Amino acid sequence: MAKRHLILFWLSVCLALVFTSTTQLSAASLLGDDWETFFRDKVSFRGFAENITGLSVSDGDRHFNTSNRLDMQRFTIQPEINIEATDWAKFFISWRFVKEIRYSAEAKSRERSVSYFPTAPVKPLRNTYYDEYKPKPWEAVLDLSPTDALKIRLGRQFISWGETDGVRLLDVINPQDLTFSPPAAPNLFNLDETRIPSWGLRTLYTIQPVTNTILEFFALPGFFDEAKQRVDEIVGSNDTGDRKVRYGRWSAHPETRLILAGRNAFGNMFADPINPGGCAGLGCLVIPSTSRELPDAGDSWKIGARLSHSLGKLNFGLGYIWGFNPQSTDMVFKLTGRSCAGAPIACTLGLAPTVAKLKLTNDRTNIFAGQMNYPVGDIFDVPVNTTVRGELAFFPNKPYNISKFPGAYGLRATADPKYPDGVVEKNTLRYALGFDRTTLIPFLHPDDPWRAFSLSFQIFQSIIFDHEDGIHPFSTAEKIKRVTTTLTFRIGTGYAGDTILPDVFIGYDPEGYWTANPAISYVPPGNEKIKFSLVGAFYGGRNKFKSFGFFDEKDSVFLKMRYQF
Amino acid sequence: MNLAVKVESMTKSLSAICLAFACSVAISSVASISCAAEVDLKPGDTIGPQNWQRAQGMVGENFLNRIKQGHTIQIKAPKIYRPLKEYIEATEKYSGRVSLGPNGELLNYVSGQPFPKLDLSDGQIGQKLAWNFFWRWLGDDYKTGGAVKGGKIIRSVIEKDGAERRADLVSYFLFPRTRYTSNPKPAIPGYEHIDYMQLRVDSYPRDAAGTTTLEIRYDDPKKSDDLYIYIPSIRRIRRATTTQRCQTLAPSEFNLDDINSFNGKITDFNYKFLGEKKVLANLSQEKLPFDRKPGDYLPLNEKWEVVDTYVLEITPKDPNYCYPRKLLHLNKMSFDTHWTLIWDKKGDYWKEQFGMFTPVKLADGREVWSVGDVTIVNVQNGRSTIVTSTRAYNQGYPASMFSLATLQTIMRGGSIE
């Protein structure tokens, strides 16, 4: 209730500022021409309505836990209002309403399909899981410019740092909703559509405009936001013991395939059985009882500052972020306790499975950030004409889960006795380099040889300092190497007066995983408001427990229809 | 002779100037606006398919073909604008010291028209015309779209089959080193090295809305422009190389250097004066946007006037540049362009652009001219784009508005003021 009051308070303040700052209005003119003038000149209404239909094209419905191959039927309407109240105050508000059509029969089907140990029914996602219908604004920001140099943005907003496209590196200020969108598919949902806005304050102070010397500060208190929206929203796999984590549409392959005695042995990666020396059969099994630990309201501040500057053609920024790292892939399971699945004596004798309580947590961290861009013209008279951009993030003492490979009992991995809580902290450096250019390929554009192709190549690397064998992601028994690499390539152009717009995004992990996200859009020549897109999201790899391989049975195609108003 | 006197004398002698010189230069053989047999057009005259020869050489070839095919135009009396007093004063004060450097760069320029006294036989006349064009009066700053209903630039893109699409934007220009009206004058301290800064904000349709381009043109001939683009879908600022100046600004037929007819860096090109010429233009547009049939770019219910121009040929120093040849027809008084003609590398006629003008008022009530509708036609692919806008001059935009901080606060509505 208190949170709601705070939100209402802020909204009221914003609206009051906007309306009181409009000098042309007077009380006497509330129903007169001034209001009409105000709405005509100062207020604009826009937004979009969108329908997306997704169809599984590879392994069918079971991997989506749907009753058929229809894995997405999502209708979104997003109205947006801009109010340009004065020269120094603007207000923007939008709402997002989503309805996904799902059926009770489908829910029952999912109930049957979910396996669990000990055997018990697991509730599927409710039919309205993906729906968003609350009147809460999606974005609601008041932009103030008290001086020429100072810009203040208050409200529920997006803050994006970094230089990358399609894959996040420094773009970790707002969390992302990863429940409804296929991973690494920017042609279906771009980053802005999957980010979750956060309540807070952002200021930009221009110290020297001509060199773009700008000091930026933001503070996101977190306690205005729902707990689940303070960090990435995910739907987990069905390999858990608390019956709360459910198998979602874009969940990774569950680790239930780490099998001991025909049972899920996922928990063994984090904890030994109570009597590891004397167990047998099921007694060697550790049943995971997992739950997500979301950042507490009073403990979820996120604060950051950045200074950017231009030196000649070089533009760069240095920054610092303090707060929760929202990225789902950076989460770790923390062991908070063990108990016996049966009578305590049964575990002591090694006859009954151990239950390990695991909390999936986001790390409170410091991120040291850097970014740069530099346009390269000619090198030794060779026209390169490419913009180079770079991004860097240093995570000191970043936690990782660690296990012993190979594990006991014939398992791929079990608990590492050196790290009984299953967690190790390592300094980690991540960076990205991007190369953007436009290229003319006249023979592919006979009707407009000067319509360019936009090309973008990116390399992402993550380096774990003082690396130890056995570091792995929270969800799988696949090791993370000291250096991991991802490459992306994107190409796009427009045909027939930009009524036909092909765009392809490809991701590649040199360890043998890939994703392809081709799209072709059609904007009818007579109407710029309508757009049809056919989008594919395809994944592959040498196994199903790592990188893009997580999703290799979830290949889908989508028809997206958007009407902009 | 100051500019005001010069303008009056020119307008009085409109009908007296003969075309002999223009006919003698090479343009008659290659330019689409070839020489008319005579210029005897008077207000009230009508030109159509029956007498299209009367407009020959005074409009673009493609436009002339449309007249031959049935389009008719009417002639009206010329609209006369007077240059702004401050601009004339700056010209008189500073032009005496201005000269050209060895590479065509401008030396000792402060503000005003760099070369008010033109000797048409001067070997450097082409370069001087180019600089007069570049430093024509455009206010201390302006918002394009500022005086149109809704405050936007409306781009209507017409396909060959007549299908139309609309794309709106707003453009803000600041000239920090040539200020005539607003303080500080003549330059904002710290910005003496910047010729102009431009912000272009797409505002419609929604998917493109908020896409913003910040362009900075430096006076250093060796320093290339800075170009930053804010992309709303990723909420990031992207750096662009300036080779992108040549690519089509989809979905229109313009590229970055087509803005204001010619927006290239003056020192990157060679210039040749091809002669004086009378053309048909419209300096007082009747209606914004002009009336037209859906799916066609031809202006209806607009009258045309006879205007004296200089014909300037532009060829790039970079052999890979998209336009190997471009002709500007510069108004002798304002140095704005009326007709812009472009050829491709094969020498084939490629694009034809004509701009209309309309009177607007400054805050103190003085009347000045502004661009109105600008039409570009790609005669090779049949597409055309009409840009409807007018400029609101001297809005007092701060230099800090033209920085990356502004780009980061753009919202879907595209507003930055």
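Numbers given for residues are sequential positions, taken from 1 along each chain in its written order. Key to labels: chains lettered from A, ligands numbered from 1, both in the order written. Only residues with pLDDT of 70 or above have their local features reported here, since the model is predicted, and side-chain atom pairs are shown and tallied only from 80 upward, although totals for entire chains, interfaces and linings are computed over all residues.

Asks: Any chance you could explain the overall build of chain A here in plain terms?
Replies: Counting from the N terminus, the helices are the DSSP runs of H or I reaching at least four residues and the strands are the DSSP runs of E reaching at least two. Helix and strand content of chain A: 5 helices and 26 strands. Taking all 565 residues of chain A together, 46% fall into the buried category. Remark: residues whose backbone-derived C-beta atoms lie within 7 Å of one another are considered to be in contact. Pairs at least 24 apart in sequence give 63% of the contacts found in chain A among residues at least 6 apart. Partly exposed residues are those whose C-beta has more than 12 but fewer than 20 other C-beta atoms within 10 Å; 20 or more makes a residue buried and 12 or fewer makes it exposed, with C-beta atoms placed from the backbone.

Asks: What is the right way to read the overall build of chain B from this model?
Replies: Scanning chain B for helices and strands turns up 7 helices and 19 strands. Looking at chain B as a whole, 54% of its 417 residues qualify as buried. Considering only contacts in chain B between residues 6 or more positions apart, those separated by 24 or more positions represent 60%.

Asks: Help me understand the pairing of strand 25 (residues 530-541) of chain A in this model?
Replies: Residue and element names in this part refer to chain A. The pairing criterion is simple: DSSP has to find at least two bridges between the two strands. Here 8 bridges tie strand 24 (residues 513-522) to strand 25, and the two strands are oriented antiparallel to one another. Considered in strand 25, the bridge of Trp514 is made with Gly540. Taken together, the 8 bridges between strand 25 and strand 26 (residues 556-564) define a ladder with antiparallel strand orientation. Among the inter-strand pairings, Ala537 is bridged to a residue of strand 26, identified as Ser556.

Asks: Sorry if this is basic, but what is going on with helix 4 (residues 61-68) of chain B here?
Replies: An α-helical segment advances 3.6 residues per turn. Residues three or four places apart therefore align on the same side. Residue and element names in this part refer to chain B. Within helix 4, burial applies to Phe63, Leu64 and Ile67. Looking down the long axis of helix 4, one finds its buried residues gathered within 100° of arc, a one-sided arrangement. Here the buried face of helix 4 lies against strand 1 (46-47), strand 2 (73-75) and strand 16 (349-361). Arc definition: it is the arc formed by the directions from the helix axis to the C-beta atoms.

Asks: It is not clear to me how the pairing of strand 3 (residues 89-94) of chain A should be interpreted in this structure. Could you clarify?
Replies: Residues and elements named next belong to chain A. Within strand 3, 6 of the 6 residues are buried, leaving the element largely enclosed by the surrounding structure. Side chains Ala89, Phe91 and Ile93 of strand 3 all project onto a buried face; the interleaved residues Lys90, Phe92 and Ser94 project onto the opposite face, where all are buried too. Bridging between strand 2 (residues 70-83) and strand 3 involves 4 bridges; their strand directions are antiparallel. Along strand 3, the bridge assignment pairs Glu80 with Ser94. The antiparallel hairpin formed by strand 2 and strand 3 contains 5 residues in its connecting segment. Strand direction decides the pairing type here: strand 3 and strand 5 (residues 139-144), joined by 6 bridges, are antiparallel. Considered in strand 5, the bridge of Phe92 is made with Val141.

Asks: In this structure, what is going on with the environment of Lys99 of chain A? I would like to understand it.
Replies: Residues and elements named next belong to chain A. Looking at the element boundaries, Lys99 is found in strand 4 (residues 97-100). Residue classification places Lys99 among the partly exposed positions, given that 16 C-beta atoms sit within 10 Å. As a C-alpha pair, Lys99 and Asn127 span 28 residues in sequence and 10 Å in three-dimensional space. Discounting residues that sit within four places of it in the chain, Lys99 has contacts with Phe75 and Asp131.

Asks: Just to check I follow, could you spell out the interface of chain A and chain B for this structure?
Replies: By convention, interface size is frequently given as the accessible area that disappears when the constituent parts associate. The partner chain B presents 48 residues to the 55 residues of chain A that form the contact. Tallied by class, residues from the side of chain A that touches chain B come to 13 nonpolar, 20 polar and 22 charged. Residue classes follow a fixed rule: Ala, Val, Leu, Ile, Met, Phe, Trp, Tyr, Cys and Pro count as nonpolar, while Asp, Glu, Lys and Arg count as charged, and any other residue, Gly among them, counts as polar.

Asks: Looking at this model, I keep getting lost on the sheet that holds strand 11 (residues 286-293) of chain A. Mind explaining?
Replies: Backbone hydrogen bonds hold the strands of a sheet together, and the pairing may be parallel or antiparallel. Residues and elements named next belong to chain A. Here 3 strands make up an open sheet; going across it, the order is 11-15-14 and the pairing mixed. Two strands close off the open sheet at either side, each with one partner strand: strand 11 and strand 14 (332-340). On average, each strand axis in the sheet is inclined to that of its neighbour by 25°, with strand direction left out of account. The sheet contact formed by strand 11 and strand 15 (residues 354-361) spans 8 bridges and is parallel. By the bridge assignment for strand 15, Ser289 is matched with Lys357. For every element, the axis is a line fit to its C-alpha atoms; helices are fit only across the contacting stretch, and the angle between N-to-C directions ranges from 0 to 180 degrees.

Asks: Would you take a moment to explain the environment of Ile321 of chain A for this structure?
Replies: All names here are of chain A. By the element assignment, Ile321 lies in strand 13 (residues 314-324). For Ile321, a count of 23 C-beta atoms within 10 Å corresponds to the buried category. Measuring from C-alpha to C-alpha, the distance between Ile321 and Asn127 comes to 37 Å, with 194 residues separating the pair along the chain.

Asks: I'm lost on the environment of Asp148 of chain A in this one. Help?
Replies: Examined against the element boundaries, Asp148 of chain A turns out to sit in the loop between strand 5 and strand 6 (150-157). Sequence separation between Asp148 of chain A and Asp503 of chain A is 355 residues; the distance between their C-alpha atoms is 39 Å. Ignoring sequence-local partners within four residues, the contact set of Asp148 of chain A consists of Pro398 and Ser400 of chain B.

Asks: What is the right way to look at the confidence of the model for chain A in this model?
Replies: The predictor reports its confidence for every residue as pLDDT, a score running from 0 up to 100. Residue-level pLDDT values for chain A average 85, and 85% of them are 70 or greater. Confidence over residues 17-29 of chain A falls short of pLDDT 50; this stretch has 19 contacts with residues more than four positions distant or in other chains.

Asks: Looking at this model, I keep getting lost on the confidence of the model for chain B. Mind explaining?
Replies: Residues shown with low pLDDT carry predicted positions that ought not to be read at fine detail. Residues and elements named next belong to chain B. Of the residues in chain B, 87% reach a pLDDT of 70 or more, and the chain-wide mean stands at 86. Note on residues 1-32: pLDDT under 50 across the span, and 49 contacts to partners over four residues away in sequence or across chains. We note a pTM of 0.86 for the whole complex and an ipTM of 0.82 for its interfaces.

Asks: Any chance you could explain helix 6 (residues 125-134) of chain B here in plain terms?
Replies: All names here are of chain B. With respect to burial, helix 6 is a largely interior element, 9 of its 10 residues being buried. Buried within helix 6 are the following residues: Gly126, Gln127, Lys128, Leu129, Ala130, Trp131, Asn132, Phe133 and Phe134. Looking at the buried side of helix 6, the elements it contacts are strand 3 (99-100), strand 4 (106-107), strand 12 (269-281), strand 13 (303-316) and strand 14 (325-331).

Asks: How do you make sense of the nonpolar core when you look at a structure like this?
Replies: Inside soluble globular proteins, nonpolar side chains tend to come together where they are buried. For this analysis, nonpolar core means a set of buried Ala, Val, Leu, Ile, Met, Phe, Trp, Tyr and Cys residues linked through C-beta atoms within 7 Å. Counting 116 residues, the largest nonpolar core has Ala55, Leu129, Ala130, Leu174, Leu280 and Leu312 of chain B as its most contacted members. Once residues within four sequence positions are removed from consideration, Leu312 of chain B is found in contact with Gly126, Leu129, Ala130, Tyr271, Phe273, Leu274, Leu327, Leu328 and Leu330 of chain B. In terms of nonpolar packing, the next biggest core, distinct from the first, is built from 35 residues, Leu260, Ala413, Ala415 and Ala477 of chain A among them.

Asks: What should I look at first to understand unusual backbone geometry in this one?
Replies: With the exception of glycine, most residues fall at negative phi, and the peptide bonds are largely trans. Residues and elements named next belong to chain B. Cis peptide bonds are those with omega within 30 degrees of zero, and the linkage from Lys185 to Pro186 qualifies with -5°. That bond from Leu288 to Pro289 is cis: its omega, -10°, falls within 30 degrees of zero. Locating Pro289 in the fold gives a position in the loop between strand 12 and strand 13. At Asn260, a position not held by glycine, the phi torsion is positive, near 55°. Within the secondary structure, Asn260 is located in the loop between strand 11 (236-239) and strand 12. Residue classification places Asn260 among the buried positions, given that 20 C-beta atoms sit within 10 Å.

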